[in-house]
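A structural walkthrough
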Amino acid sequence: MSVYDDYDMTIGIECHVQLATKTKLFSTADNDARDKEPNTCVTPIDFGLPGMLPVLNREAVNLAIKAGKALNAPIARVSRFDRKHYYYPDLPKGYQTTQMYQPIILAGYVDAPMDDGSIVRVRIHHAHMEEDAGKLTHFNGYSLVDLNRAGTPLIEIVSEPDIHSAAAARAYATELYRLMTYAGVTHGDLYYGNMRFDVNISVAKKGSNVLGKRTEVKNLNSFRSVERAAEYECKRQIDLLERGERMIQETRGWNDDKQITTSQRSKEDAQDYRYMPDADIPPIVLTDEEIERIQAEVPMLPGEYREKWAELGLDKSVINSLLANQNYARVITEIQEKSGDNTAKRVAHWFSSALIAEGSGSEADETPVDNVGMYVSIDDLTALAEMTEKAEISSTNAKELFNELLGGARDPRALAEKQHMLQVSDEGAIGAIVDEVLADPASATSIADIKAGKDKAIGYLVGQVMKKSKGQANPGLAQKLIREKL
Amino acid sequence: MKSIRDYSSGSALENVNKAIAEAKADVDFHSLLCLTEERAIARAKKLDDGGKKGRLHGVPFVVKDNFLAFGGPTTAASKMLENFNAPLQATAVERLEAEGAICIGKANLDAFAHGGSTENSAFGPTKNAIDKSRVAGGSSGGSAVSVALGIVPFALGSDTGGSIRQPASFNGVVGVKPTYGTVSRYGVVAMASSTDTIGCFASNAADANLVMEIMSGQDRKDMTTLPDFWRDDYAFTKKKVGVIKPFMSDSVDIEVVSRVREYIEKLQGLGYEAEEVDLPMAKYSLGMYYIVTPAEIMSNLARYDGIRYGHRSKEAKNLGEVYTKSRAEGFEAENKRRIMIGSFVLSSGFFDAYYLKAQKARTLLVNEFRELFKQYDVLVGPVAPTPAFKLGENTTDPIKMYLADVMTVPASMAGLPAISVPAGVTQQGLPVGAQLIGDYTSDRALLELAEQVEGVI
């Protein structure tokens, strides 16, 4: 027993999700600032000019409504915006427009699957809409302000402190990411900070019913860093307490190079944001019909895919790797519905190995869900699966053709013909080759072995038949004929 | 004073030149902060060259200098925005220009519209059009005086707690504060978002009606604007006016009360029955107003940080000083007072006790008005407790200054339309305004009623 086992860790996560709207939350400025020159995605509203007023982007509201569905949370029929005041050069109006008192997304939950197959349920306290701030770049003696990101719509998802291990924190972050990307709420580009996690961590002696003082590690943008920061912070806090020192409530940053957290600012003398309702923006009033109509547009979510695929008997690791690409998931499910479980299962395995080959399987889930560049025709995939099932093509060749299809090729039968991959299942033709192999003196030892009961030796003979047929013989048939002829 | 009709015969250029000459002749009153002469003349020449003739073709006007408008800086009468040139124009200005009106200058105001005398202007006060020793009223003092002096037939102002009605009353012109949301606030330097309204001054009710009709109507750039109601069939059918009893009390100047009573008699002459009504929440209005408004002011002035535009202190050595010194130098004392009050009432732990409570009281006030409008078409009272006071008389006593708003803030807090109409003068010759408050969207009917009264000798 180490001293670390005497403590429980408690984690709550706040996640900022950038919404995939065309324009900003309150202006018509381009919301996609990736690779744009500084201060080019800015209107007078984002610049905070005198006399400018916010105009709420309904598309952002619609995405928040969709996020609510993914979070199993009801949508408030009436929600409002408030102003959070503080001074910083990246905040043009001197306040951030957010939802303090009446958020749009009410309490919900996320069921996050753990690697061991268990599920962690994390309750969502609420999620609210708000605008992002701009960005400062510091130089020696001066700083530059870029307002391209100022006014980008966000939802902030606030969890309850239901997470009790670093692995669960990672599982929650990963699942949240999948939910938000699948629901189409965000582009999910982690490199550009499309989702950022603030992890609140505290430790307390086991059995204590009082939570310890917490620290907040801000702005983590990968699942791995969420896990590592939680691990590090937990250990740091326990060490501190064990040394008899006092925990300070503070904000800490994650140093990815050193894999440590460092103190940023104390929260003991918390800033007063002077929240007040924003009178420039009328309340968002939604009807049940509107909410239903918008939520009906949400495609299948990861949980539903898992349920569907459970019928296919796929491994959890295969399922998780498949969920890394929403298009793959969609295609597999469509095939399952059209052509049945067997075909779907075969295709699922192909996709899974392709994903693992490209390094974005369950282990490397940092890659953004890739929803572009998928041109595989479902008919082609189904045809290939059926050819394999009917043994018209070997499974090795099928995988090869699958990769060609992924690469943009069409018509698997033509491809197979062209590459002489179609298996010969004509008994006469294969029988002739079998006769040839059996007559070959080099086969004598194997024949003797088989007759002596060493059945495994048949592999050599089948291999010879395949070789002579340039891989096109149906190996099952070849084996059957060999047995018959011996 | 001039009416819009006076400009129907001349060319746009003649009209503009005449107005500019009149403006330049005002060396004593300081009604305007700048003339937008070059642009006005260019626009006039262009209008004279032909094209569509709008309803205000070639009519000169001025805007309060918190409206973003081309041709000169938009200062809000503050050092903070002394050199701020707007890259766009307020919707109200755009709509007037689309009808051929020509802005010739920017009128003085209390800095950021905080005040009731125009003495808080960073560039010196505007003087009363009738008595130069007295205040113009405020905060839209420059606009009121420019109409009273006959420089222009109409002027734009903003009214948050009386900033159009009170200077209209002090200078003997018509002043309109419309229903909240009637005219877009886009492009007007924000004071208090929940009560800011855009309105106008004119020499007569019909002119004011036309200007308001042109400016009103939904604007996608201001989410709080109402769909256009100006041409709706709104008529006063109850033929009853309520005389607001607490506004006619002994604490109000006796001559003011007399002039208002005479105005009510004219309404009676038009067939309206007059009854005294109580408005118990009225006495709390000022308290509500000076909690909610400073809170919103604190918030709306937060953007003036010296980073992107506006005054930046040359003394600042670090980020903290850019904020503190730029704001200390750029804001007037009254701006700072309101920022401090607003910061206090919104501070953690006080929000419920002040802001929230004030908003609840506001709902009660709204309900009282609602009940009254079930019985009355219009509520009547004075605009201000006194005629224009002396320059400097109230500057050292902010509470006394705030008390001058006691009769204008109720309609502001409730979002109701209210107009100030000339009701005669005191023995000293100082103008007195009567205030007509109507139900939501009764704005046009109010102005038509005022027009009828103007016809009564």
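Residues numbered from 1 in each chain as written. Chains lettered and ligands numbered in written order. Predicted model: local features only at pLDDT ≥ 70, side-chain atom pairs only at ≥ 80, totals over all residues. Heavy atoms only, no water.

**Some details on the overall build of chain B**
From N to C terminus, chain B includes 14 helices and 11 strands. Taken over the C-alpha atoms alone, chain B extends approximately 65 × 65 × 45 Å along its principal axes. The burial tally for chain B puts 64% of its 457 residues in the buried class. Restricting to contacts in chain B with at least 6 residues of sequence separation, those with at least 24 account for 76%. Summed over its atoms, the accessible surface of chain B is roughly 16,000 Å², and 52% of this surface lies on carbon and sulfur atoms. (Helix = DSSP H or I, 4+ residues; strand = E, 2+ residues; numbered from the N terminus. Buried < 20%, exposed > 50% of the residue type's maximum accessible area, 1.4 Å probe, protein only. Contact = heavy atoms within 4.5 Å. Areas by Shrake-Rupley, 256 points an atom, 1.4 Å probe, with all protein chains shown as cover.)

**Notes on unusual backbone geometry**
Across the junction of G138 of chain B and S139 of chain B, the peptide omega takes the value 10°, indicating a cis bond. Take S139 of chain B: it is sitting in the loop between β3 (102-107) and α4 (141-148). Phi at D411 of chain A takes a positive value of approximately 60°, unusual for a residue other than glycine. For D411 of chain A, the position within the fold is in the loop between α10 (395-406) and α11 (412-418). Positive phi, close to 55°, is recorded for A76 of chain B, a residue that is not glycine. Here A76 of chain B shows up in the loop between β2 (60-64) and α3 (91-98).

**Focus: the environment of H164 of chain A**
All names here are of chain A. Among the secondary structure elements, H164 is positioned in the loop between β9 (153-159) and α2 (166-182). In this structure, the C-alpha to C-alpha distance between H164 and R252, residues 88 residues apart in sequence, is 19 Å. If sequence neighbours within four positions are ignored, H164 has contacts with M9 and T10. At 2.9 Å, the side chain of H164 forms a polar contact with the backbone oxygen of M9. (Polar contact = N/O pair within 3.5 Å; in protein donor to acceptor, adjacent residues only side chain to side chain.)

**Quick notes on the domain arrangement of chain A**
The domain boundaries assigned to chain A delineate domain 1 (3-289), domain 2 (300-418) and domain 3 (427-485). The distance between the C-alpha centroids of domain 1 of chain A and domain 3 of chain A comes to 65 Å. (Domains from an automatic or database assignment.)

**Side note on the sheet that holds strand β4 (residues 95-98) of chain A**
Spatially, the three strands line up as an open sheet ordered β4-β3-β14 (chain A), and their pairing is antiparallel. Single-partner strands in this sheet number two, and they are β4 and β14 (276-277) of chain A. Pairing analysis gives two bridges linking strand β3 (residues 82-85) of chain A to β14 of chain A, with the strands arranged antiparallel. Paired with D82 of chain A across the bridge in β14 of chain A is P277 of chain A. Against the sheet, helix α8 (residues 282-300) of chain B engages β3, β4 and β14 of chain A, with an angle of about 60° to β3 of chain A. (Pairing = 2+ DSSP bridges. Axes fitted to C-alpha atoms, helices over the stretch in contact; angles between N-to-C directions.)

**Quick notes on the pairing of strand β10 (residues 195-205) of chain A**
All names here are of chain A. Extensive coverage of β10 is indicated by the burial of 10 of its 11 residues. Summarising the sheet, strand β1 (residues 7-18) and β10 pair through 11 bridges and their orientation is antiparallel. Among the inter-strand pairings, D8 is bridged to a residue of β10, identified as A204.

**A few points about helix α14 (residues 443-454) of chain B**
Residues and elements named next belong to chain B. For α14, which comprises 12 residues, the first-to-last C-alpha distance of 17 Å matches the rise-based estimate of 16 Å (1.5 Å per residue) to within 8%. By the burial criterion, the buried members of α14 are D443, R444, A445, L446, L447, L449, A450 and V453. In this structure, the buried side of α14 is in contact with β5 (174-177), α6 (205-215), α7 (254-269), β9 (378-382), β10 (418-425) and β11 (431-438). (Expected span 1.5 Å × (residues − 1).)

**With respect to α3 of chain B**
Three or more residues of α3 of chain B are buried, namely T91, A92, V93, L96 and E97 of chain B. Taken together, the buried residues of α3 of chain B touch α2 (37-48), β2, β4 (154-159), β6 (197-202) and α6 of chain B.

**Digging into the interface of chain B and chain A**
Contact residues are listed per partner, giving 39 residues for chain B and 32 residues for chain A. When chain B packs against chain A, close to 2,900 Å² is buried across both sides, 64% of that on carbon and sulfur atoms. For chain B, the biggest contributors to the area lost against chain A are M223, R303 and R308 of chain B; these three give 24% of the whole. The tally of links from chain B across to chain A stands at one salt bridge. A salt bridge links R185 of chain B to D280 of chain A, with the nearest nitrogen and oxygen atoms 2.9 Å apart. Inspection of the region where chain B meets chain A yields 17 residue pairs in polar contact (both at pLDDT 80 or more). (Buried area = accessible area lost by both parts, 1.4 Å probe. Salt bridge = Lys/Arg side-chain N within 4 Å of Asp/Glu carboxyl O.)

**What to know about the sheet that holds β9 of chain A**
All names here are of chain A. Overall, mixed pairing links the eight strands, which are arranged β5-β6-β9-β1-β10-β11-β12-β13 in an open sheet. Across the chains shown, the open sheet's two edge strands, defined by having one partner strand only, are β5 (108-113) and β13 (260-266). On average, adjacent strands in this sheet sit at an angle of 30° to one another, irrespective of strand direction.

**Let's talk about a negative patch on the surface**
Among the surface-exposed residues, E304, E307, E311 and D341 of chain A lie close enough to one another that they form a single negatively charged patch. With respect to the element layout, E311 of chain A can be found in the loop between α5 (302-310) and α6 (316-323). (Patch = residues over 30% accessible without salt bridge, like charges linked within 9 Å, V, L, I, M, F, W, Y side chains within 5 Å. Lys, Arg positive; Asp, Glu negative; His and termini not counted. Charge placed at Lys NZ, Arg CZ, Asp CG, Glu CD.)

**Focus: the pairing of β4 of chain A**
Residue and element names in this part refer to chain A. Where burial is concerned, the two faces of β4 agree: the one with Y95 and T97 and the one with Q96 and T98 are both buried. Judged from the four bridges that link them, β3 and β4 form a sheet pairing that is antiparallel. Its bridge partner lying in β4, H85 is registered against Y95.

**Some remarks on the environment of Y186 of chain B**
Examined against the element boundaries, Y186 of chain B turns out to sit in the loop between β5 and β6. On the basis of relative accessible area, Y186 of chain B is assigned to the buried category, the value being 9%. Remark: the alpha-carbon pair of Y186 of chain B and Q89 of chain B, spanning 97 residues in sequence, is separated by 8.5 Å. Setting aside anything within four residues of it in sequence, one finds Y186 of chain B in contact with G51, M52 and L53 of chain A together with L88, Q89, A90, T91, D219, K221 and D222 of chain B.

**Observations concerning the packing of helix α7 (residues 326-339) of chain A against helix α9 (residues 378-389) of chain A**
All names here are of chain A. Put simply, α7 and α9 touch, their axes get as near as 10 Å, and they point 60° apart. Along this stretch, α7 crosses α9, giving a crossing that reads as right-handed. The segment α7 lies against α9, with V331, E334, I335, K338 and S339 engaging I378, L381, T382 and E386. Looking at the contact of α7 with α9, its residues break down into four nonpolar, two polar and three charged. (Left-handed = near helix turned anticlockwise from the far one by under 90°. Nonpolar A, V, L, I, M, F, W, Y, C, P; charged D, E, K, R; others polar.)

**Remarks on the confidence of the model for chain A**
For chain A, per-residue confidence averages 90 on the pLDDT scale, and 96% of positions sit at 70 or higher. Note on residues 361-369 of chain A: pLDDT under 50 across the span, and 29 contacts to partners over four residues away in sequence or across chains. (pLDDT = per-residue confidence, 0-100.)

**Examining the nonpolar core**
For soluble globular proteins, the rule of thumb is that nonpolar side chains tend to be buried together. Residue and element names in this part refer to chain B. Counting residues in hydrophobic clusters, the biggest one holds 118 residues, and the most contacted among them are L96, F154 and L156. Of all the elements, α8 adds the most residues to this core, at 10 residues. Ignoring anything within four residues of it in the chain, the contact list for F154 reads I4, L56, V59, P60, F61, V62, L96, A101, V147, F201, A202 and V211. (Core = buried A, V, L, I, M, F, W, Y, C linked by side-chain atoms within 4.5 Å.)

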